[in-house]
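The chain contents come next:
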Amino acid sequence: MELIRGIHNIRPHHFGCVLTIGNFDGVHLGHAEVLKGLLTDAKAHSLSSTVMLFEPQPQEFFAKNNAPARLTRLRDKLRLLSDLGIERVICISFNQQFANMHAEQFVNDILIKKLGVKALTVGDDFKFGKQRQGNFDLLASMGKQAGMDVKSTASFRQLNARVSSTLIRDALASGDLASAKTMLGHDYAISGRVIHGWKRGRELGFRTANIALKRQVCPVNGVFAVQATIAGKQIFGVANVGNKPTFNGTRALLEVHLFDFAQDIYGQFMHVELIKKLRNEKKFETLTQLTAQIATDVAAAKQCFGLNQVADRDGM
Ligand SMILES: Cc1cc2nc3c(=O)[nH]c(=O)nc-3n(C[C@H](O)[C@H](O)[C@H](O)COP(=O)(O)O)c2cc1C
Ligand SMILES: Nc1ncnc2c1ncn2[C@@H]1O[C@H](COP(=O)(O)OP(=O)(O)O)[C@@H](O)[C@H]1O
């Protein structure tokens, strides 16, 4: 899959494509339906299947820290889109200059002149351009004149509800990972590079590989049974997502204690699928209480994976 970072990197050979535009946060089953249609259209036109997305997501640009929790970082979106067979992604830097662009100018200059879009798919509620003045009707009428076929997607529904990033965020916030998975079509996962922490894990008897959660709001919080992937190897574990209130922490982290594992993985990329929520994060009065609780969490996660119940002190 080819990634084009920014409008200025669109080259003449990118002219002529079949396009869809959106945030694709989560790359959930609703998105997958739209993308399936895109792939079919691309095949019919013998053109590249192209997804245009924005970084940061427009809501994040406008609402800053009040924006809803992000389900997938750009890197994860790109992996999921590539897995679905998308050939090209155009990632637009969503900044003030881009936000100021008039809807007509966006359609004319970018979609028609730069990208030569032959077929465009958007949601019927898609709004774009300065003050969100552009809509489906504008796209359809401008498209007609330029030979760009514009269509809207039908909502993908499950259990009588329209699958959406918002519903998935709600399911994750309430700890209902099973519903989130049903809507996502895959386990909810967090990934990133393992960073150095406070080195307390080794004192407590449970080392934890840490990933910084860069965005302020995370859709999940608490303790989870997890399945991690490091350098292609799958390892079960138990993880805490939060800011360690026991230590008056302020930075949100994902901390994973890996079972039967004793390697140094600082700096390595780790992908962590959250399988089952075990409990909420809490502030403990003493380290002894915290350590005893973590031992209970380890046992619960092992049971969840059908692993033997020997106390886990081997990761030190
Ligand atoms: C399974 C598990 C559950 C945890 N639960 C909590 C918790 O409820 N409250 C808390 O303050 N910290 C919790 N922690 C975080 C520990 O405090 C943390 O791992 C320890 O401080 C080591 O931090 P370090 O990796 O920065 O050295 C948990 C960690 C694990 C592995
Ligand atoms: N079983 C294990 N689970 C998690 N990390 C482990 C394990 N065994 C060794 N490690 C290594 O130890 C580090 C965590 O040790 P820890 O004392 O918690 O330090 P830190 O505060 O830097 O996370 C991990 O980043 C990883 O490199």
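Just so it is clear, the model here is predicted, and its values are computed rather than measured.

K.L.:
Would you take a moment to explain the site of ligand 2 for this structure?
P.N.:
Surveying the vicinity of ligand 2 reveals 21 residues, the closest of which are Gly197, Lys199, Arg202, Ile265 and Tyr266. Within the contact set of ligand 2, an oxygen atom lies 3.3 Å away from a side-chain nitrogen or oxygen of asparagine 210. Between ligand 2 and leucine 258 there is a distance of 2.9 Å, counted from a nitrogen atom to a backbone nitrogen or oxygen. Mapped by element, the contributors of at least two residues to the shell around ligand 2 are α9 (201-204), β10 (209-212) and β13 (253-258).

K.L.:
Sorry if this is basic, but what is going on with the pairing of strand β3 (residues 48-55) here?
P.N.:
Consecutive side chains of a regular strand alternate in pointing toward one face of the sheet and then the other. Of all eight residues that make up β3, seven are buried, and the element is covered over most of its length. In this structure, strand β2 (residues 17-21) lies alongside β3, joined through five bridges in parallel fashion. Across the sheet, the residue bridging to valine 18 is serine 49, located in β3. Assessed by its sense of winding, the connection that carries the chain from β2 through helix α1 (residues 29-45) to β3 is right-handed.

K.L.:
Would you mind going over the nonpolar core with me for this structure?
P.N.:
Grouped burial of nonpolar side chains is what soluble globular proteins tend to show. Residues Leu254, Met270 and Val272 are the most contacted members of the largest nonpolar core, which totals 31 residues. Elements represented by at least two residues in this core include exactly α7 (165-173), α8 (177-184), β10, β11 (222-230), β12 (233-242), β13 and β14 (269-279). Ignoring any residue separated from it by four or fewer positions in sequence, one finds methionine 270 in contact with Ile190, Ser191, Gly192, Val194, Ala209, Ile211, Ala228, Thr229, Ile230, Val256 and Ile265. Formed by 30 residues, the second largest nonpolar core is a distinct cluster that contains Ile4, Cys17, Ile21 and Val150.

K.L.:
Help me out: how do you make sense of the confidence of the model for the protein in this one?
P.N.:
Parts of the prediction with low pLDDT should not have their coordinates interpreted in detail. Averaged over every residue, the pLDDT of the protein is 93; residues scoring 70 or more account for 96%. For this predicted complex, the interface confidence reaches an ipTM of 0.89, while the overall pTM sits at 0.88.

K.L.:
Explain the pairing of β12 here, please?
P.N.:
Within β12, seven of the ten residues are buried, leaving the element largely enclosed by the surrounding structure. In terms of strand pairing, β11 meets β12 through nine bridges, oriented antiparallel. By the bridge assignment, glycine 222 is partnered in β12 with valine 241. Between β11 and β12, which pair antiparallel and follow one another directly, the connecting turn spans two residues, one of which, alanine 231, has a positive phi of 50°.

K.L.:
What am I meant to see in the state of the cysteines here?
P.N.:
As used here, a disulfide is simply a covalent bond connecting the sulfur atoms of two cysteines. Tallied over the entire structure, the rule returns zero disulfides. Not part of a disulfide, cysteine 304 finds its nearest cysteine sulfur in cysteine 218, a span of 19 Å.

K.L.:
Please explain α1 as it appears in this structure.
P.N.:
Each turn of an α-helix holds 3.6 residues, which means side chains three or four residues apart point in the same direction. Over its 17 residues, α1 runs 24 Å from end to end, which matches the ideal 24 Å to within 8%, given 1.5 Å per residue. At its buried positions, α1 is contacted by β2, β3, α3 (74-83), β5 (117-123), β6 (149-153) and α7. Just beyond α1, the residue with positive phi is serine 46, at close to 50°.

Calculation criteria
Residues numbered from 1 in each chain as written. Chains lettered and ligands numbered in written order. Predicted model: local features only at pLDDT ≥ 70, side-chain atom pairs only at ≥ 80, totals over all residues. Heavy atoms only, no water. Near = heavy atom within 4 Å. Polar contact = N/O pair within 3.5 Å; in protein donor to acceptor, adjacent residues only side chain to side chain. Helix = DSSP H or I, 4+ residues; strand = E, 2+ residues; numbered from the N terminus. Buried < 20%, exposed > 50% of the residue type's maximum accessible area, 1.4 Å probe, protein only. Pairing = 2+ DSSP bridges. Right-handed = clockwise from strand over helix to strand, strands pointing away. Core = buried A, V, L, I, M, F, W, Y, C linked by side-chain atoms within 4.5 Å. Contact = heavy atoms within 4.5 Å. pLDDT = per-residue confidence, 0-100. Disulfide = S-S within 2.5 Å. Expected span 1.5 Å × (residues − 1).

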